[in-house]
Every structure is written in C-alpha cells, then in structure tokens.
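Structural features, examined
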2 protein chains.
Amino acid sequence: MEEHRHVTIYDIAKRLNLATSTISRALKDHHTISDKTIKKVKKTAEEMGFVPNTLAAGLRGNKSKTIGVLIPTITQPFLSSLISGIEITARKSGYSVIIMQSHDSYEEEVNMTKSLYSSRVSGVVCSLAMETKDTSHFQQFSNNNIPLVFVDRVPKDFNTFRVVIDNYTAGYKATKHLIDQGCKRIAHMTAGAEFGNLYNERKRGYIDALTDHGLPLKDELIINLKAMTYDAGVKACNKLFGLKTLPDGLFAPGDILAVSAVQTAKKKGIRVPQDFAVIGFNNDPISEIIEPNITTITHPAEKMGKAAANIVIDTIESHKEEEAKEITFLNTEVLIRESSKKI
Amino acid sequence: MEEHRHVTIYDIAKRLNLATSTISRALKDHHTISDKTIKKVKKTAEEMGFVPNTLAAGLRGNKSKTIGVLIPTITQPFLSSLISGIEITARKSGYSVIIMQSHDSYEEEVNMTKSLYSSRVSGVVCSLAMETKDTSHFQQFSNNNIPLVFVDRVPKDFNTFRVVIDNYTAGYKATKHLIDQGCKRIAHMTAGAEFGNLYNERKRGYIDALTDHGLPLKDELIINLKAMTYDAGVKACNKLFGLKTLPDGLFAPGDILAVSAVQTAKKKGIRVPQDFAVIGFNNDPISEIIEPNITTITHPAEKMGKAAANIVIDTIESHKEEEAKEITFLNTEVLIRESSKKI
DNA sequence: AAATAAATTGCAACCGATTGTGTAAAGAAA
DNA sequence: TTTCTTTACACAATCGGTTGCAATTTATTT
C-alpha cells in the first residue's frame, strides 16, 4: 500500500507560488483575497485532494469545533434521542460530537471531564451520573470559558445553562390526570434522595396534586426504588398489590416501570385501566406498543438535545464573556392512551 | 470571569528548570528519565493543574486517539448498543469516540467521511447507509492507513475488516426453528435488493431451510418491505392474513416487525403461537416485554461494537502496514420464547 | 586515574493551519 | 508626475506536545 501523504496548504502554496497564508484565507473567502485567487486556490485544492487538518486549526485557535457529550449511558431511548438531537444540530454548524458514557459512576464522570477538557472540546453537554453529588469537576470548563449545558439530570447549585422539563408540573399533571379519571388511591414510585432532583420534583408534584384535590397522602402507596428497572417495578407492584386496600392508580416516573406495572397487574387479574389506571413518563417507544397502550408524559428528548446544542454553539459564537446562564424549560404533555382511560 | 490560561508543559518546565522534552517524557514514564525526575514532574504537573492538550499531541503524531463511528442512526436499540460497545472498549485504551449519523443518506455519509478524515481520526467503524451502493468515499481511509471496520451492514466488494453475524445461517436457523415447531406455511418479510446484503442473506437462509425440509416456496408468503417499521409490518400482515390459506408462521427479520405481526394477529383473532408462530430478529428489549414474548435471533450488538473497536485499536497499535482484512463472524442464537412455542 | 559505558537531560525542528503586521503593486486624487 | 489609498499577498510567529540526536553528567571498568 502506497503511503499517501496528507495534502496540506503548503503543498497548494508551492504549486501555485503563493504563501500559505493566502491559501488559508482564500479557502475561507477572506475579503483581502481577490476572487481570481480564491477561485484558483479552491480549484487546485480540490484537484490535489486537500482536506483541512482540523487538529492543526484547533491547536492554533485552541478550540476544536467539537462538542463533548457526557451521559450515563446511550442505550436508553431518552438518552439516545437526546444525543441524536445534539448531533443533528451540531453537525449543521460544523461541529463534531464526542460521546462518553459515565455508566452512572462518579469516578468515571470525573475522568471523562478531564478527557474532554484535554481534547479541548468547544463545549459540553452533560446529564449527571446517578452517583454524582458534587460538581466541582465541571469547574474547569467554566473557568476556561467552555460553555457547559446540563440536561435533564442537572445540578441545583451550579451556575450553568440547564435544559430541563418542569418535573414538578409534569408530576402534578400526571397525578391530576389520574385524579380526573376518578382514582382515589394513587400509588407512586420514586427514587431515593438524589442529587439531580428530578424524581423528587415529580414526587412533589404528585403530593401537591393529591393535597390540592383533597386526597390523603399515604406512605404505603409511595415506593422507593433503587433502580428504575423492569424488575424493580415488578417487585414494587407486588408490594402494592399485597396491601389490604389496593391502589386504583399509579403514577410511574418512567415508562418501563409503567409497563412492569401493567403486566404485573394483568397477571394478578387486576384490570388496567378499570381497576388500576397507570400513567408512565417519557413516551418511550414501548409505551405505545404494549397493550394496553400506556398513557405517559412526553419528554422531548430530541428537542432537548437540539436546545442544548444550540445554547453551546450560540455561546461559543457570540464570544460573550459573561452570559446569563438561563434555565430552559421545555414543555411536556399528558399523552392520554388506554392505560389510564377510566372514563 | 478571569481568563485562566491553560497550563502547558512549558509552564512546568520553567518552574522546574527542565526542558520541555524532559517534561513530556517524564509524564509518560519514558525510560531515559530518572525516577526522581519523573516523580517531581508528575507532582508539579498535578499541583499546577496540568491537563495535556491532545490536539497538540495529535497534530505532531498525525493521529488523534479518536475513533470515528458512522452509522445510520443512534436511536435504534441495535445501533446504540453497538456504539456502547465501541465506546467502552475505546475508552479502555484511551480513545475517544466521535459519532455521526448518516440517517441512511448516501450524501451525508460521504460528507461525514470527509469530516472524519479531516479530524484525523485514528480509525473508523461504520455501518453503511441504506442508500449507499458505492463505497469509494471510504478509500481515503485505506489510502492513508486509517483502519476501517464495517459492522453489520457491510459492503461486499471492499477490502476491509468486517464484523458481522452470519445472516444466512441465522435465517436458516430461524426458519428451521419454525419448521421444527410444525409450521408448514412460513411467511417471511424482507427488504428490497440492498447493497449491504443482510436481508438477502436472511432470505437465502429462509429459502434453503424450506427447501431442505421439503416445504414449498410460495411467493405470496414473501413480502417485500420498503422500511422496517411497525406500520410497514402491520400492512404486510394484513396482506398475509388476507390470503385464502393463512400462513402458520412468520420469520420476521426484525423484532419490531415481529411485534407488529403478533399484535395484528391478536386483533384478527389469530392465536400466537398456536395458529401463527412468530420469530423475530435482534433481541430488542421490546421482544421480551411484549406478550407473548417473542422468540428471536440474538444479535450481539455490544459484542460486535467491542470486536470492531478492538480491531481498530489493535491495527493501529501493531503498526502493521499490510494486514489481512479478515471478516469476524459473531455467533447468533435462537432465543426461544412464547411466540413460537407450538410444542 | 584514565577511559569507556551508561544514564540523564537539553536543543531544536516538527506537525499544519491561523493571523497580526509589513510591504509591494495598482489605482485614485492632487 | 507625485502622493495617498486601496487592494492583494507575503512573512513569520504561534498553538503545545513529541522526538531524533547531541551534550552532559554519573557510573563502571581496567
């Protein structure tokens, strides 16, 4: 195999008897270069098969036209859609996307922030690992003017951009929907106190909705899960279905949990939605395939990705030093399907 | 906000009164540097908050410790698992992963290969876009000694590494399984002639299995789909269920199609598996959640990703010029669940 | 103690694009 | 024709690690 050497602007310069600076400028339509030269340079570059070396450009400018994405895992519908949104938006503006999975480990997350910084990413989009309770490892980005956007699972005490849904309101709406359907004993699953306070917020919404509508809050109906998995959901349901008085509704803060509930109920002969109305969260693909279809709260994953990427890019390209680090709230909706339709 | 300046090896060198070359070598435990110096340098680097600039290193060495991943889309269980495998393996060896989605567009794919080349990725893992019929845009990698591995949807006439499953055998096994269950009229869905000959292979397996077991091959039982979507599956099933003699089995080359078949059958009052046995492909999460559970062919996505990444990394680090570009076959299995159990 | 070998560290070019500043050429105004 | 502008391009430093080779110091041998 012949060792082709990469074609550089030096090669073009030599061929055309021009300076490399002229080549560089001509290739990006700099106004100080004549049209004639620009045309000539571009043509020659094309002919010679020139492909710019972004490493060199990045080194010089100390930025790489790259967005780092740091998330717990990509094999999860919500997160892969999120990434998809980021990638599509980034690409439109000529940015590449580097992906790293923390697998919900704090230690990995810390290492990965170092890697990303080391790669001189132009910006970072992150959804925090479950384990993370301290975000000082993100300080290096803020300190060096690298835009940082947290998505979905965000820290509460860190001054950066955030793209989220209003989990409190979503939780409230979900619960209210069940109440509207006539449910009186609505169960809820949640995750233990966590740093990114997403499940706590949903739970707050649940509690307030109950209270506002004169329903009692029963501890036995709130199940704390360690993991948001199918099996954990089944276990929780078995506990619920073991109560003296059964619940007549469930607000599950994740579709996979809702699915496990629907199926566990079926097995016990509990009819969904007649005896037991279920609402999930996320609008995962499975929620509209399972039978009965699951009523859920939409979670605009791809939109959130696009929004996050746009914030990163805008911040980079606006060159503003001190920026207002706003929180972007995206809208969620109750997507009514069969699993909750009592009326 | 104060503009922190990145700490460089020059800063460390100045502080310790050493040459930058010494710093550089000390940081990577070069044998010509004394232990004392190494320790001193590392300690100072740590104190000063030094983070190596991989762009600079990459520029010098003309490689970026980055693996480019070019796939149709990441929001698909098989592909996101594939990426996950790549990312995990890459990371272990200190490589980053850049993701790009072609969205099955040939034009996008071409542009993305340019981007990847421009970023001087150390290697590339790719699953071809549906539209792609010509792979000359990948030549730039081969020409420049950048390892290229195709996964799953691979070209047949391009001399590179490939990581695949044996689709023919898988198709054969799937069909054989239905035959073993007593099916006599087995339907099949497939995709029109495509470049990455994956569905054709599965179909070949289907045909040979029928033939080998003395079953007639009926054109009416083979449905050609344009897209492998739920809706396309429903439509195809309606066609099947409109035949004078109904099929008693279906080999769907994707779980989503199998799901659509199971549900369509249910609606028509056709019992699965008693009247109609179904086997899918991929072992997508949904296949074990839907009721009845779907018998499927395992498709080791994460393993394939790991294998592909390992090939890339091994090739880079072995520095071999002329390498045998083998095809790696990963194993698939029939995962028997309820949707096919007639006996 | 002299000489040779071995262990350390320094020097400087290099990767390739970018960009501030300087200069020559061409055109306009005086 | 001379001077002042523009216009078009060249020079050279720069980004920050890496690495071949030279130089210096230290250790070992005779």
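Cut-offs and rules
Residues numbered from 1 in each chain as written. Chains lettered and ligands numbered in written order. Predicted model: local features only at pLDDT ≥ 70, side-chain atom pairs only at ≥ 80, totals over all residues. Heavy atoms only, no water. Domains from an automatic or database assignment. Helix = DSSP H or I, 4+ residues; strand = E, 2+ residues; numbered from the N terminus. Buried < 20%, exposed > 50% of the residue type's maximum accessible area, 1.4 Å probe, protein only. Least-squares fit on C-alpha atoms with pLDDT ≥ 70 in both. Contact = heavy atoms within 4.5 Å. Salt bridge = Lys/Arg side-chain N within 4 Å of Asp/Glu carboxyl O. Core = buried A, V, L, I, M, F, W, Y, C linked by side-chain atoms within 4.5 Å. Pairing = 2+ DSSP bridges. Axes fitted to C-alpha atoms, helices over the stretch in contact; angles between N-to-C directions.

Glancing now at the domain arrangement of chain A. For chain A, the domain assignment lists domain 1 (9–52), domain 2 (61–165 + 301–330) and domain 3 (167–299). Here domain 1 of chain A and domain 2 of chain A have C-alpha centroids that lie 36 Å from each other.

Our next topic: unusual backbone geometry. Residue and element names in this part refer to chain B. Of note, the amide linkage connecting valine 272 to proline 273 takes the cis form, showing an omega dihedral of 10°. By secondary structure assignment, the location of proline 273 is in the loop between helix 11 (255–267) and strand 9 (277–279). We note that aspartate 29 has phi near 50°; this positive angle belongs to a residue other than glycine. As for its position among the elements, aspartate 29 is in the loop between helix 2 (20–27) and helix 3 (35–48). Taking the relative accessible area as the measure of exposure, aspartate 29 reaches 48% and is therefore partly exposed. A positive phi angle, near 50°, is found at arginine 120, a position not held by glycine. Tracing the backbone through its elements, the reader meets arginine 120 in the loop between helix 6 (106–118) and strand 3 (123–126). By relative accessible area, which is 3% here, arginine 120 ends up buried.

One copy of the chain maps onto the second through a rotation about an axis and a displacement along it. Each copy superposes on the other: chain B lies on chain A with an RMSD of 0.2 Å after a rotation of 180° and an axial shift of 0.1 Å. Overall, the copies show the geometry of a two-fold rotation axis. No C-alpha of chain B approaches the rotation axis more nearly than that of isoleucine 98 of chain B, which lies at 2.2 Å. Comparing interface residues between copies, 100% of those in chain B also lie at the interface in chain A; the contact surface is shared.

Moving on to the pattern of salt bridges. Evaluation of the coordinates by the stated rule reveals 21 salt bridges over all chains. The shortest N-O distance in the salt bridge between glutamate 108 of chain B and arginine 91 of chain A comes to 3.9 Å. Highlighted residues: glutamate 108 of chain B in helix 6 and arginine 91 of chain A in helix 5 (residues 77–92), drawn from two different chains. Among the salt bridges present, the one from arginine 185 of chain B reaches glutamate 220 of chain B, with a minimum N-O distance of 3.2 Å.

Membership of the largest hydrophobic core comes to 152 residues, with the highest contact counts inside it found for Val163, Leu250 and Phe276 of chain A together with Val163, Leu250 and Phe276 of chain B. Those residues in contact with phenylalanine 276 of chain A that sit more than four places away from it in its chain are Phe241, Pro247, Asp248, Gly249, Leu250, Ala261, Ala265, Ile270, Arg271 and Ser339 of chain A. Of all hydrophobic cores here, the second largest spans 38 residues; its members include Val154 and Phe158 of chain A together with Leu70 and Leu128 of chain B.

Okay, the sheet that holds strand 8 (residues 249–251) of chain B next. Residue and element names in this part refer to chain B. Ordered in space as 7-6-8-9, the 4 strands form an open sheet in which the pairing is parallel. The sheet terminates laterally at strand 7 (222–225) and strand 9, the two strands that pair on one side only. On average, each strand axis in the sheet is tilted by 20° relative to the strand beside it, whichever way the strands run. Sheet topology note: the strand 6 (residues 186–191)/strand 8 ladder contains 3 bridges and is parallel. Opposite isoleucine 186, over in strand 8, you have glycine 249 as the bridge partner. Those strands touched by helix 9 (residues 198–212) are strand 6, strand 7 and strand 8, and its axis lies near 160° from that of strand 6. Against the sheet, helix 11 contacts strand 6, strand 7, strand 8 and strand 9, and its axis sits at roughly 165° relative to strand 9.

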